[in-house]
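If you want the building blocks of each chain, they are given just below.
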Amino acid sequence: MPAATTPSPTSYRFSFGPWNISTGADPFGPPARKEMEYARKLKAYRELGFDAVQFHDDDIVPADLDWQATLKGVAEVKKILDGEGLFVEIIAPRLWEDPRTVDGAFTSNDPAERKYAIDRSKRCVDLAREVGCKNYVLWLAREGTYIREAKCAKTAVSRIVDAWNAILEHDPEIRVLGEAKPNEPMDQAYLPTVGHMIGVCYKTADPARSGVLIESAHSILAGLDPADDMAYALHHEKLWSVHLNDQNGLKYDQDKVFGSVDLRRAFNQVRVLEESGYGKNGECVGLDVKAMRTTSFEESMYHLAHSKTMFLRLLDVVRGLDRAKIEEFRTHRRYEQLEMYILNELMGRR
Ligand code: XLS
Ligand code: MG
């Protein structure tokens, strides 16, 4: 078990999803590690210095249980969470594994499949209420196409907004966070960027309860800078969660340790979050990271500890910056010197 990562005191609260502790299976190979018992995963949160859990609906209870059995299952999970002093940060319907979502959930060409997706999404709202979670994430995994002619793109956006509204209307407290991703598993996804998501927020039945979750790798896969995406959403006061990780170029979603590919890019994400007061309304620093397939079962949580450590160490750098010096560089456009100052700070060379 990696040492708990608390290089410095911080007001931030941290979360991850149980799927971040995985068996290492990938599209080209079966599990490389045994599955970790669910109760053991939930016990790891506090040991690693985390505060909250991210759930898919079926991470709590199977999606096809009747409501009484669902409530029983929820009570069992809540008992574990209460015992560990954990809260549920976000909940997301897993609308990408069921055969009825093979061609999209909300944007399927089949009305019966669209109904299944909406019904399951409403059930997920009921689950959120049972676990005391108000942050409902829509990662639109299969809302897209393998060939563009498969669907009417304009109708697809309308159907996503209709589904978003059905969720908002199902509970007056719930707020919906769109998580943009430009592709994978689809060839091209609808609402591929934070900009698209923010635009849709203003078209929903309740823009005040419509916001975004930003994942570092998803901005990078769209060819955009995650820190700028975060700043844009913060301007709109709509950044309600993040999934910090890293990504080495335009390929499959790698969910690498935060800062492990590009330290400067990670530094600027921490700088934007810190300087904008992210977290003051209870927002969490969420991770969405995967251990390498080559990692052993015993070490299959290090990537979580390392990602949190990287955030806290970069936070120390941000909090140690000489603001007057930076303003001086900016005023005189001494950007060469400003860049070297930042690089020296990142390398610990004052
Ligand atoms: C996948 C997404 C997913 C959501 C939660 O790429 O990041 O992990 O965050 O379902
Ligand atoms: Mg994610």
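Check the entry above for the structure.
Residues numbered from 1 in each chain as written. Chains lettered and ligands numbered in written order. Predicted model: local features only at pLDDT ≥ 70, side-chain atom pairs only at ≥ 80, totals over all residues. Heavy atoms only, no water.

Asker: Can you help me understand the environment of Arg-271 in this one?
Answerer: Relative to the elements of secondary structure, Arg-271 occurs in helix H9 (residues 263-275). As a C-alpha pair, Arg-271 and Val-318 span 47 residues in sequence and 5.8 Å in three-dimensional space. Aside from chain neighbours lying at most four places away, what touches Arg-271 is Val-318, Leu-321 and Arg-330. Polar contacts involving the side chain of Arg-271 include one to the side chain of Asn-268, which spans 2.9 Å. (Helix = DSSP H or I, 4+ residues; strand = E, 2+ residues; numbered from the N terminus. Contact = heavy atoms within 4.5 Å. Polar contact = N/O pair within 3.5 Å; in protein donor to acceptor, adjacent residues only side chain to side chain.)

Asker: Explain the layout of surface pockets here, please?
Answerer: Once rolled over the atoms, a probe with the size of a water molecule shows which space is left empty. Quantified by volume, the largest pocket comes out at close to 1500 Å³. Surrounding the largest pocket, 46 residues form its lining, Ala-25, Asp-253, Gln-254, Asp-255 and Lys-290 being those nearest its centre. Of all the secondary structure elements, the ones that give two or more residues to the lining of the largest pocket are strand S2 (52-56), strand S3 (87-92), strand S4 (135-139) and helix H10 (302-319). At three residues, H10 tops the list of elements feeding residues into the lining of the largest pocket. Classifying every residue of the lining of the largest pocket by side-chain character gives 18 nonpolar, eleven polar and 17 charged. Computed from the structure, the second largest pocket encloses a volume of approximately 190 Å³. Residue lining of the second largest pocket: Arg-264, Phe-267, Asn-268, Arg-271, Glu-275, Leu-321, Arg-323, Ile-326, Arg-330, Leu-338, Glu-339 and Ile-342, and that is the complete set. Mapped onto the lining of the second largest pocket, the elements with two or more residues apiece are H9, helix H11 (323-331) and helix H12 (335-346). Per-element tally for the lining of the second largest pocket: the top contributor is H9, with five residues. Looking at side-chain class alone, the lining of the second largest pocket contains five nonpolar, one polar and six charged residues. (1 Å grid on protein atoms, 1.4 Å probe; cavity = no way out; pocket = protein on both sides within 12 Å on 5 of 7 lines; lining within 4 Å. Points joined across faces, edges and corners; volume = space filled by probe spheres on them. Nonpolar A, V, L, I, M, F, W, Y, C, P; charged D, E, K, R; others polar.)

Asker: Got a minute to help me understand the coordination of the magnesium ion (ligand 2) in this structure?
Answerer: Ideal donor angles around a metal are set by the shape: a four-donor tetrahedron calls for 109.5 degrees, a six-donor octahedron for 90 or 180 degrees. Within the protein, the magnesium ion (ligand 2) binds to Glu-179 (OE), Glu-215 (OE), His-243 (ND1) and Asp-288 (OD); these donor distances fall in the range 2.0 to 2.5 Å. Around the magnesium ion (ligand 2) sit six donor atoms; with metal-centred angles ranging over 79 to 173°, the donor geometry is octahedral. (Donors = N, O, S within 2.8 Å, 3.2 Å for Na, K, Ca; no water. Tetrahedral: all angles 85-135°; square planar, octahedral: opposite > 155°, others 65-115°.)

Asker: Which parts of the structure should I look at to understand H11?
Answerer: Residue pairs spaced three or four apart in an α-helix point in one direction, given the helix's 3.6 residues per turn. The N-terminus of H11 is capped by Asp-322, whose side-chain oxygen sits 3.1 Å from the backbone nitrogen of Ala-324. Of the residues trailing H11, Arg-333 is marked for its positive phi of about 55°.

Asker: Is there a simple way to think about the pairing of S4 in this case?
Answerer: The two faces of a sheet get side chains in turn, since along a regular strand they alternate between them. A large share of S4 lies buried, amounting to four of its five residues. Strand direction decides the pairing type here: S4 and strand S6 (residues 175-179), joined by five bridges, are parallel. Pairing of Trp-139 across the sheet is with Glu-179, part of S6. (Buried < 20%, exposed > 50% of the residue type's maximum accessible area, 1.4 Å probe, protein only. Pairing = 2+ DSSP bridges.)

Shape descriptors only; they carry no functional weight alone.
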